[in-house]
Each structure stands twice: as structure tokens, then as C-alpha cells.
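Inside the fold
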Amino acid sequence: MRYHLLGRSGLRVSELCLGTMTFGEEWGWGAAPAESRRIFDAFADAGGNFIDTANRYTEGSSERLVGEFVRAAGRERFVVATKYSLRTGPAGQILDGGNSRHNLMQSLDGSLQRLGLDHIDLLWLHAWDGLTPVAEVMRALDDVVRAGKVRYIGISDTPAWVVSQANTLAELRGWTPFVALQVEYSLIQRTPERDLLPMAAALGLALTPWAPLAGGALTGKYLQGETGRVPAHSTRRNDRATAIVREVVAVADELGCPPAQAALRWTMQRGQTSIPIVGARTAEQLLSSLGATELTLSAEHIARLDAVSQIELGFPHDFLRGDVVMDVLFGGLRGQLNG
């Protein structure tokens with residue numbers, strides 16, 4: 001296992017992050033506590049130190065199990081990340097959920113209690129609610145950092161323009177900035193390349209892709225007629241996705257590795273810090289995924305996977321790359337200009 005600095009911070013995290021949405025059986029498809037412990041131990045034994053959970057995962061069981069395992073293994077060894085924004089109580093409570101200062105404070109206190117820890121290493125804003133002022137969010141997050149309850153902050157599932165505005169505001173006012181961005185990103189889901197990934201690179205945010213295996217579709221199991229959580233009508237199993245999976249399987253066969261490892265490695269070799277979040281329902285599944293850390297995709301393999309999964313960037317990106325625009329912007333000399 002190798003390690004990265006998390007964005008523009010000094011925080012050292014493993015090149016894979018353990019996703020723990022599967023810790024607990026409340027949602028009907030997770031792992032029992034004993035198996036969750038086996039998954040955690042396999043990750044830790046491999047050198048993994050970056051653990052991702054959330055206040056709502058398996059109705060709070062994920063946080064409780066993560067806290068128990070971290071305390072038993074040694075708190076100082078791990079970077080524990082959790083999230084706020086989603087409601088934790090039953091539907092119908094107007095103050096439960098969202099990005100507000102009010103919900104942040106009550107959610108954070110609940111997470112600390114469930115985890116049994118005195119601080120969170122990385123607190124994610126889980127999803128943008130579209131209502132709370134950006135200034136309120138950033139000031140409230142800065143307050144919990146200054147209070148010692150949180151060390152670093154990140155943001156998930158939020159438009160690029162909001163993240164840019166938030167970090168610009170934090171920089172101007174001397175508040176704590178986001179150091180990492182969490183988005184769905186995989187060979188099947190590449191739309192974040194339009195704005196979110198370039199923004200992360202420009203602002204120095206570490207990228208932490210969730211669903212890097214597209215819910216298991218990129219393991220190739222649906223090509224073999226296996227069943228799973230992804231329904232047949234999902235875009236993760238349509239004709240485009242199937243073509244992508246077939247190419248992943250072909251590349252994996254050439255490398256002599258499982259398809260999941262090839263798909264994971266693709267997300268790790270994107271030219272910027274990218275730390276995929278890997279979940280598992282068994283220790284064996286996790287151990288297989290960990291093999292991606294020992295794999296390297298050649299330029300030819302990456303080109304093939306890029307080609308089969310390519311998307312249109314759309315306006316203005318494709319427009320600005322057009323020959324006519326390049327000519328009028330650079331006098332036909334773009335190829336002779338470094339940068």
C-alpha cells in the first residue's frame with residue numbers, strides 16, 4: 001500500500017479508502033458485525049488507514065462498528081471520515097437533514113457519540129441541498145474545526161460551481177477549505193470529467209471516487225448471468241455499459257487479474273490524486289480489490305479503456321477545442337505554444 005497527501009493538506013492517507021456502507025445488515029445486503037470486522041482487519045493488515053462512513057449508513061450501525069474497530073486497533077493509526085447532510089431520524093422532521101449549521105451541529109454530535117471518538121479526521125458534506133447559503137456552510141465547518149471536533153473537511157455530490165465558490169470564500173476569509181472531493185466516478189460514469197475533475201485538479205482537491213466498480217457491474221459478473229443489486233434496466237447494464245465491461249474483461253485477461261482490479265486501477269491512474277472508495281460484503285471481495293495496488297495499466301490498456309468509455313464533454317468544452325476556435329485564439333500556432 002502506498003499513500004497520498006489528501007489534497008492541499010499534510011494528512012497522509014492510503015491509496016485506497018475502505019467504504020463501510022456494507023457494515024451492518026439493516027439495509028438487507030450488508031455484512032454482519034463479525035464479517036465487517038474481517039473486512040476491516042484485512043484492509044488494516046494491508047496498510048490501509050483511510051476509512052469512510054456516514055451518519056446514515058445502515059441506520060447508524062456503520063459508524064458504531066467503525067468506531068469499535070478503530071478503537072480496538074489503535075485510534076492513532078486511522079483517518080476516520082464520516083458525513084453530515086442526510087437525515088438520521090424518520091421522515092417528517094423538518095430540522096433533520098440538510099447543510100445548515102443547525103443540522104451540522106446535531107449531526108456531528110450524533111456521529112461522535114456513535115463512533116465513540118473525540119474527533120473526526122475528515123468530515124464530508126454529503127450532498128448539496130441547494131438552499132443553505134455557502135457562507136453559512138463554510139463558517140459552520142470552520143467553527144467545528146476550530147473547536148477541535150473535526151480536523152479536515154471535504155465535499156461530496158455537489159456541483160463544481162458551488163465547490164469553487166466555497167473554497168474561494170474560505171480562502172478570502174481565512175476559513176478552513178475543502179481538501180477533497182467525493183463523486184461517483186468509474187469507467188461507466190465519466191460525466192464528472194466535464195467540470196468536477198478539472199475543478200478538483202485546479203483547486204488541489206484529492207478525488208475520492210465512489211462506486212468505482214459501478215455497483216459491481218465492472219466485475220463482469222452480469223456478463224456471466226449472475227445476480228446482484230444492479231437491476232437489468234439500470235444504465236450500469238445497458239448496451240454501452242456492457243461494451244465497457246467486455247473491454248475491461250479483455251484487458252484483465254491480458255494482465256492475468258480480476259476485472260475489478262483493472263477497473264479500479266483505471267480510476268487510480270487519471271493524472272491527478274484519485275483514491276477510490278472500495279466497499280465489500282466479504283473479506284475475500286476486499287482482498288481481491290486490494291490487488292489493484294500491485295497493478296499498473298499500460299498506456300495502451302488505458303487508451304483502450306478510455307476509447308470504449310468516452311463521453312462527449314459538451315459545451316463549452318468541445319466548442320473550445322474545435323479547430324476554428326483554436327485558430328482564432330492562437331493564430332493557428334497552438335501546437336507551437338507550450339502550456
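A brief structural summary. (Residues numbered from 1 in each chain as written. Predicted model: local features only at pLDDT ≥ 70, side-chain atom pairs only at ≥ 80, totals over all residues. Heavy atoms only, no water.)

**Points about the environment of Pro 276**
Topologically, Pro 276 is positioned in the loop between α8 (259–268) and β10 (277–278). For the pair Pro 276 and Lys 149, spaced 127 residues apart in sequence, the C-alpha separation works out to 26 Å. When sequence neighbours within four positions are dropped, the list of residues in contact with Pro 276 reads Glu 15, Leu 16, Cys 17, Pro 209, Pro 212, Leu 264, Thr 267 and Met 268. (Helix = DSSP H or I, 4+ residues; strand = E, 2+ residues; numbered from the N terminus. Contact = heavy atoms within 4.5 Å.)

**Points about the nonpolar core**
Membership of the largest hydrophobic core comes to 84 residues, with the highest contact counts inside it found for Met 138, Leu 141, Leu 181, Leu 218 and Leu 286. Among the elements that line this core, the one with the most residues is helix α4 (residues 134–146), at 7 residues. Once residues lying within four places of it in the same chain are set aside, the contact partners of Leu 286 are Leu 18, Ile 39, Ala 42, Phe 43, Val 278 and Ala 280. Of all hydrophobic cores here, the second largest spans 14 residues; its members include Val 13, Ala 81, Trp 124 and Ile 277. (Core = buried A, V, L, I, M, F, W, Y, C linked by side-chain atoms within 4.5 Å. Buried < 20%, exposed > 50% of the residue type's maximum accessible area, 1.4 Å probe, protein only.)

**Observations regarding unusual backbone geometry**
A cis amide bond links Phe 315 with the next residue in sequence, Pro 316, at an omega value of 5 degrees. On the secondary structure map, Pro 316 appears in the loop between α10 (299–309) and α11 (317–320).

**Regarding the side chain of Asn 99**
Note on placement: Asn 99 falls in the loop between β5 (79–84) and α3 (101–115). Judged by its relative accessible area of 1%, Asn 99 falls in the buried class. One polar contact links the side chain of Asn 99 to the main-chain amide nitrogen of Asp 129, over a distance of 2.7 Å. Setting aside chain neighbours within four positions, we find Asn 99 in contact with Tyr 84, Ser 85, Leu 125, Ala 127, Trp 128, Asp 129, Thr 132 and Val 137. (Polar contact = N/O pair within 3.5 Å; in protein donor to acceptor, adjacent residues only side chain to side chain.)

**As for α3**
The terminal C-alpha atoms of α3, which comprises 15 residues, lie 21 Å apart, in line with the 21 Å expected from a rise of 1.5 Å per residue. Looking at α3, one finds that the buried residues are Asn 103, Leu 104, Ser 107, Leu 108, Gly 110, Ser 111, Leu 112 and Leu 115. Those residues of α3 that are buried are in contact with α2 (61–73), β5, β6 (120–125), α4 and β7 (150–156). Gly 116 occupies a position one or two residues after α3 and carries a positive phi of about 70 degrees. (Expected span 1.5 Å × (residues − 1).)

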